Amino acid sequence: MLNVVVLTGRLTADPELKTTQSGVSVCSFCIAVERRYKSGEDRVSDFINIVAWRSSAEFVSKYFKKGQMIAIEGAIQTRKYQDKDGNSRTAFEVLANNVQFA
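In this text, all values refer to a predicted model and were calculated from it rather than measured experimentally.

A. Seen up close, the pairing of strand β5 (residues 69-82). Judged from the six bridges that link them, strand β1 (residues 5-11) and β5 form a sheet pairing that is antiparallel. Counted as the bridge partner of V6 is E73 from β5. In this sheet, strand β6 (residues 88-101) lies alongside β5 in antiparallel orientation, the contact comprising 13 bridges. Residue pairing for β6: I76 is matched across the bridge by V94. Counted between consecutive antiparallel strands, the loop separating β5 from β6 contains five residues, among which G86 sits at a positive phi close to 85°.

Take a look at the structure:
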């Protein structure tokens, strides 16, 4: 089985670096990725949530700002949680293994 994602897109906001209680760096951010489109059609973008940990998180928060292009290689992961109303929700995000300038 294979779970590999490669994306290139623009950051929708400045990334924010956080630290877990155990001192591990984590950075969550969103990128806008354009879909291919046929001639004459409007362009469509998908907004994809990305999570980077440790040195990748620190790299993203230090060198990237809103609007910059970024290349991500990672894996899709799902996370289950309950919202404030007690409803079960599932979040889909990309866990970044490699982050580069694009």
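Having seen the structure, we can now continue with the description.
B. The nonpolar core, seen in detail. Counting 17 residues, the largest nonpolar core has F29, I31, I50, V60, I70, I72 and V99 as the members making the most contacts within it. Elements with a minimum of two residues in this core: β1, β3 (25-34), β4 (45-53), α1 (54-63), β5 and β6. Among the elements that make up this core, the one with the highest residue count is β3 (four residues).

C. Quick look at the pattern of salt bridges. Throughout the structure, instances matching the rule amount to four salt bridges. For D46, the salt bridge is made with R35, and the minimal N-O distance between the two is 2.9 Å. Here D46 is found in strand β4, whereas its partner R35 is found in the loop between β3 and β4, with 11 residues between them in sequence.

About the thresholds
Residues numbered from 1 in each chain as written. Predicted model: local features only at pLDDT ≥ 70, side-chain atom pairs only at ≥ 80, totals over all residues. Heavy atoms only, no water. Pairing = 2+ DSSP bridges. Helix = DSSP H or I, 4+ residues; strand = E, 2+ residues; numbered from the N terminus. Core = buried A, V, L, I, M, F, W, Y, C linked by side-chain atoms within 4.5 Å. Buried < 20%, exposed > 50% of the residue type's maximum accessible area, 1.4 Å probe, protein only. Salt bridge = Lys/Arg side-chain N within 4 Å of Asp/Glu carboxyl O.

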